[in-house]
Amino acid sequence: MPQPAHAADLILHRGRVMTMAPDGAEVQAIAVAGDRIVALGEDRDALALRGPRTRVVDLRGRTVLPGFTDAHTHPVSGGLRHVECSLDRFATAEDLVRAVAAYAAANPDRAWIVGEGWSMETFPGGIPRREALDAVVPDRPVILWNRDGHGAWVNSRALEVAGITDATADPPLGRIERDPDGTPVGMLQEAAVELVMRLVPPHDPETLERAVVDAQAELHSLGITGWQDAHVDPDQLAAYRAVAGRGALTARVVLALGSGELDSYGGPDGMVALREAVAADARAEPAGSPGVRRLAASAVKFFVDGVMENCTGALLEPYLDAGGRPTSEAGILNFPPDRLRHLAVELDARGFQLHYHAIGDRAVREALDAIEAARRANGARDARHHIAHIQLIHPADLARFRALDAIANAQPLWAVHEPQMDDLTIPILGPERTAWQYPFGSLLRAGARLAFGSDWTVSTADPFPQIEVAVRRVWPGRRDGVPFLPDERLTLGEALRAATVGSAFVNRHDEAGWLGPGRLADIVVLDRDLGAADAGPIGDTRVVATVVGGEVVFEAAALEG
Ligand SMILES: [Zn+2]
């Protein structure tokens, strides 16, 4: 018997389908045909579309959500963890050094040891020393990015090949950490990392393409159906285009071109040409090969400042010293404000989305000022500019997010009491500013649009621990801890909405983000009923299947099982 014309390809029934639709509807069942949702409602509505070849899954009460969009992530770094020296599992200095030694021994042909993922709280003052690395890798240069990606630990050989000595001046916007006598200790901050990084051989195209594909598989397994890559360089852009060009990009992806590579992209007009080339690939792609149509290069990323823990986050008032007195340091602004505004006007006029990294209250204000300048010069449009991280927002700036229609792109996992916050950040901010951090509840009350991003590989890519922290403001690794600024907690509905509707909005995936008839079938199936009394902590939730455009791209085990 042939499949009836109106039959569904996939029916999920007897579950809790949380649509995240504007009316907040929850239904029992969903049916998909091709790449679209064709029914949403009671079991009998969906089952009426059953044909002989329809895949019918009994959810047995499990929850279905729209696919998650990650509005700020670094998947290429995530994928490269498989080839580089990945350190994010190690919590002591001894374990880190042992892991570097093991990696070096296992990779004798690598001229450089490149790694990432160690935490500043592992070392006194957040600063490790070269001698520890010299003891295990004396002959090859070693460079290890910290988890934030704003500093790197190097060995003596790396300093030597880069020619960094006590006579080397700090570069603009960077700092070489030194002993009192001026000798570099082996820790480079911000732009100083480039003194060594520029000597590291680039990854070949195959490695980068494999990183994209590996990362995509990992993200699909976490229920992520789309993302914004928060910074691509020309090589990474080429890798995404190659993967998309052979139809292997199943996720919906927006790329933020790095403003630091403005020249290599040919300036703002060169960026327009690139964006159009990516879009033209999309139009040329025949139906049924959806890869290229899922890729857009429509955002530009600006690192407005650094991070708080190493005092490179840009503040309106100075950092405090150990005695609570103001220092002379107020962080690093990576752009003169007029340059930031000028570029915002130029790129906004060309239809780009602006994506800002802003940690300190000064950086957030400069980003808002840049967006305001663009609106004043070019008029208000549906621009969807967004400001990521938003660790410290001056209360006077909260209402500007709504007024300027700037999206607050939050990384909720960071809004907890943990050593980096308690030992490194709170003392240098003082009590008043401590209370201005990660003000997600205040932003919503001020009418701001909220989106979520993981900042993977800085943090986990898994949306559920992020959602748990947004709701509880307690670290999931210590659930009996004290909430961090509990007035800023969100409801579960608000948090889920930010991670689905809010982040899909950032990416202009306007037919995804919430479930409705005729909309794209981007769906995740969870291992539990989120509404059940015994559902357990939300952060422990697992995804059992992920669907993008009707295609099952991840399945932990047969759903029918
Ligand atoms: Zn980031």
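J.: Tell me about the overall build of the chain, residues and numbers included.
T.: Regarding its fold elements, the chain presents 17 helices and 24 strands. Taking 2.2 N^0.38 as the reference for a compact globule, 561 residues should give roughly 24 Å; the C-alpha atoms of the chain span a radius of gyration of 24 Å, in line with that estimate. Judged by the C-alpha coordinates and their principal axes, the chain covers about 85 × 55 × 50 Å. Taken across its 561 residues, the chain has 57% of its residues classed as buried. Considering only contacts within the chain whose residues lie at least 6 apart along the sequence, 72% involve residues at least 24 apart. By element, 53% of the accessible surface of the chain is carried by carbon and sulfur atoms, the whole surface being about 21500 Å². Distance between charge centroids for the chain: 4 Å, based on 55 positive and 78 negative side chains.

J.: Quick one: what's the story with helix 3 (residues 93–106), residue by residue and with numbers?
T.: Spanning 14 residues, helix 3 covers 20 Å between terminal C-alpha atoms, matching the ideal 20 Å at 1.5 Å per step. Within the span of helix 3, buried status applies to Leu96, Val97, Ala99, Val100, Tyr103 and Ala104. All buried residues of helix 3 project into a common sector of 160° when viewed along the axis, lining one side. Of the exposed residues in helix 3, those oriented more than 90 degrees away from the buried face are Glu94, Arg98, Ala105 and Ala106. Buried-residue contacts for helix 3 involve strand 9 (85–86), strand 10 (113–118), helix 4 (130–134), strand 11 (142–146) and strand 12 (151–154).

J.: Kindly report on the nonpolar core, identifying the contributing residues and their values.
T.: If you look at the biggest cluster of nonpolar residues, it comprises 103 residues, and the most contacted ones within it are Leu65, Tyr240, Tyr356, Ile390, Phe401 and Phe452. At 7 residues, helix 11 (residues 361–378) tops the list of elements feeding residues into this core. Setting aside chain neighbours within four positions, we find Phe401 in contact with Val364, Leu368, Ile387, Ile390, Ile393, Ala406, Ile407, Ala408, Leu443 and Ala448. If you look at the next biggest cluster of nonpolar residues, it comprises 20 residues, including Leu87, Ala104, Val137 and Val185.

J.: Can you break down the sheet that holds strand 13 (residues 174–178) residue by residue, with the values?
T.: Pairing is mixed in the open sheet, where 6 strands are placed in the order 9-10-11-12-14-13. Every interior strand has two partners, whereas the edge strands, strand 9 and strand 13, have only one. Looking at chain direction, strand 12 and strand 14 (residues 184–190) are connected through 3 bridges and run antiparallel. Bridged to Trp153 within strand 14 is Met187.

J.: Please give an account of the coordination of the zinc ion that cites residues and values.
T.: Each protein donor to the zinc ion is listed here as His72 (NE2), His74 (NE2) and Asp455 (OD); together their distances run 2.1 Å. Here the donor residues of the zinc ion share one chain and are spaced in sequence as H-x1-H-x380-D. Taken together, the positions of His72 in strand 8 (residues 68–73) and Asp455 in the loop between strand 21 (450–452) and helix 16 (463–472) put the pair 383 residues apart, joining distant regions of the chain.

J.: Give a description of helix 7 (residues 205–220) that names residues and reports values.
T.: A rise of 1.5 Å per residue sets the reference length of helix 7, with its 16 residues, at 22 Å; its end C-alpha atoms lie 23 Å apart and thus fit the reference within 8%. Those residues of helix 7 that fall on the buried side of the exposure criterion are Thr207, Leu208, Glu209, Ala211, Val212, Ala215, Gln216, Leu219 and His220. Looking at the buried side of helix 7, the elements it contacts are helix 2 (75–80), strand 15 (224–232), helix 8 (234–245), strand 23 (543–548) and strand 24 (551–555).

J.: Can you break down the packing of aromatic side chains residue by residue, with the values?
T.: As enumerated under the stated definition, the model contains 7 aromatic pairs in all. Here the aromatic cluster, defined as three or more aromatic residues joined through ring pairs, consists of Trp118, Phe123 and Trp153. Looking at Arg275, its charged tip hangs above the ring of Phe352, at a distance of 4.3 Å from the centre. Sitting above the plane of the Phe505 ring, Arg449 keeps its charged end 4.1 Å from the centroid.

J.: Can you tell me about the sheet that holds strand 1 (residues 10–13), naming the residues and giving the values?
T.: Across the sheet, 4 strands lie side by side as 5-4-1-6; this open sheet has mixed pairing. The strands lining the two open edges of the sheet, one partner per strand, are strand 5 (36–41) and strand 6 (55–58). Between one strand and the next, the sheet's axes are offset by a mean angle of 15°, whatever the strand orientation. Where strand 1 and strand 4 (residues 29–33) come together, 3 bridges link them in antiparallel fashion. When the sheet's bridge partners are listed, Leu10 is paired in strand 4 with Val32.

J.: Outline the pairing of strand 5, supporting the account with residue identities and numerical values.
T.: Bridge count for strand 4 against strand 5 is 5 bridges, and the pairing is antiparallel. Its bridge partner being in strand 5, Ala31 is matched across the sheet by Ala39. Counted along the chain from strand 4 to the antiparallel partner strand 5, the turn is 2 residues long, and its residue Gly34 has a positive phi close to 60°.

Cut-offs applied
In this convention, every chain numbers its residues from 1, walking through the sequence in written order. With the structure being a predicted model, the display of local features is reserved for residues of pLDDT at least 70 and the display and counting of side-chain atom pairs for 80 or more, all residues being used for whole-chain, interface and lining totals. Side-chain figures throughout are based on the complete set of non-hydrogen atoms in the structure, without hydrogens or water. Labels follow the DSSP assignment, with helices taken as runs of H or I lasting at least four residues and strands as runs of E lasting at least two, numbered in each case from the N terminus. Note on method: radius of gyration uses C-alpha positions; expected globular size equals 2.2 Å times residues raised to 0.38. To sort residues, take the accessible area from a 1.4 Å probe on protein chains only and compare it with the maximum for the residue type: under 20% means buried, over 50% means exposed, and anything in between is partly exposed. The contact rule is simple, with two residues in contact once any of their heavy atoms fall within 4.5 Å. Only the protein chains shown count as covering a residue, and every accessible area follows the Shrake-Rupley method with a 1.4 Å probe. We count Lys and Arg on the positive side and Asp and Glu on the negative side, and we leave His and both chain ends out. Taken as the charge centre is NZ of Lys, CZ of Arg, CG of Asp or CD of Glu, depending on the residue. Expected helix span is taken as 1.5 Å per residue step, with the number of steps being one fewer than the number of residues. The arc refers to the directions leading from the helix axis to the C-beta atoms. Nonpolar core, defined: a set of buried Ala, Val, Leu, Ile, Met, Phe, Trp, Tyr and Cys residues in which side-chain atoms within 4.5 Å join the residues together. A strand pair is defined by DSSP finding two or more bridges across the two strands. Nitrogen, oxygen and sulfur within 2.8 Å of a metal are treated as its donors, or within 3.2 Å for sodium, potassium and calcium (Na, K, Ca); water is not counted, so a site can appear incomplete. What counts as a ring pair is set by centres within 6.5 Å for rings of Phe, Tyr and Trp (its six-membered ring), and what kind of pair is set by the plane angle: stacked under 30 degrees, edge-to-face over 60, tilted for all other angles. Two thresholds decide whether a charge sits over a ring: the Lys NZ or Arg CZ must be within 6 Å of the ring centre and within 35 degrees of the ring normal. Note on geometry: axes are lines fitted to C-alpha atoms, helical ones only across the stretch in contact, with angles between N-to-C directions running from 0 to 180 degrees.

All we've got here are geometric facts, nothing functional implied.
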